[in-house]
Amino acid sequence: MPGGLWQEATVPVATAALGPTQRPHEAIWAPIGYDGCRMRLAELAGVPHPPESYRRIEETQDHRRRMDEQRRRDYPDLYDK
C-alpha cells in the first residue's frame, strides 16, 4: 500500500484471493503487515490488534456514555418509567 497506509490502520486488515475451488471460510485470509500463513476468517481474531484500536473503543464507550447521560437529562420523562 502506498505510504505505509496499513501502519496507520486502527483495525486489523486482511486481504483474500479466492480461487475457483476456494470458499471464504477456508484459509485464504492474509492479515496485512503480519508475517504468517494465510488463515481462516475465524483465526483473524487471534491476530494482535493495534493499540489505536483499543483507544478508539475506549473513546467510543466514553462518548456513548456521555451521550446517554445527556439524553437522560434532556428527556427525563422517557427514562423515569
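Refer to the structure printed above.
The present account deals with the structure reproduced in this document. This one's a predicted model, so the numbers in the text were calculated from it and none came from an experiment.

1. Considerations on the environment of Pro31
Here Pro31 lies in strand β2 (residues 29-31). Pro31 gets classed as buried once you look at its relative accessible area, which sits at 10%.

2. A closer look at the pattern of salt bridges
Evaluated as defined, the whole model comprises three salt bridges. Of the charged contacts, one joins Glu69 and Arg65 as a salt bridge, the two residues approaching to 3.2 Å between their closest N and O atoms. Placement of the pair is Glu69 and Arg65 together in helix α2 (residues 51-74), with a separation of four residues, close to one helical turn. With a relative accessible area of 34%, Glu69 lands in the partly exposed category.

What counts, and at which threshold
Note that residues are indexed from 1 along each chain, following the sequence as it is written. In view of the model being predicted, local features appear only for residues whose pLDDT reaches at least 70, and side-chain atom pairs are presented and counted only at 80 or more, with totals across whole chains, interfaces and linings using the full set of residues. Where side-chain values are given, they derive from all heavy atoms of the structure, hydrogens and water being excluded. Secondary structure elements are taken from DSSP: a helix is a run of H or I of four residues or more, a strand is a run of E of two residues or more, and numbering for both begins at the N terminus. For each residue, the accessible area found with a 1.4 Å probe, counting protein chains only, is set against the maximum for its type, and the residue is called buried under 20%, exposed over 50%, and partly exposed in between. Here a salt bridge means any side-chain nitrogen of Lys or Arg lying within 4 Å of a carboxyl oxygen belonging to Asp or Glu.

Keep in mind these values describe shape, not function.
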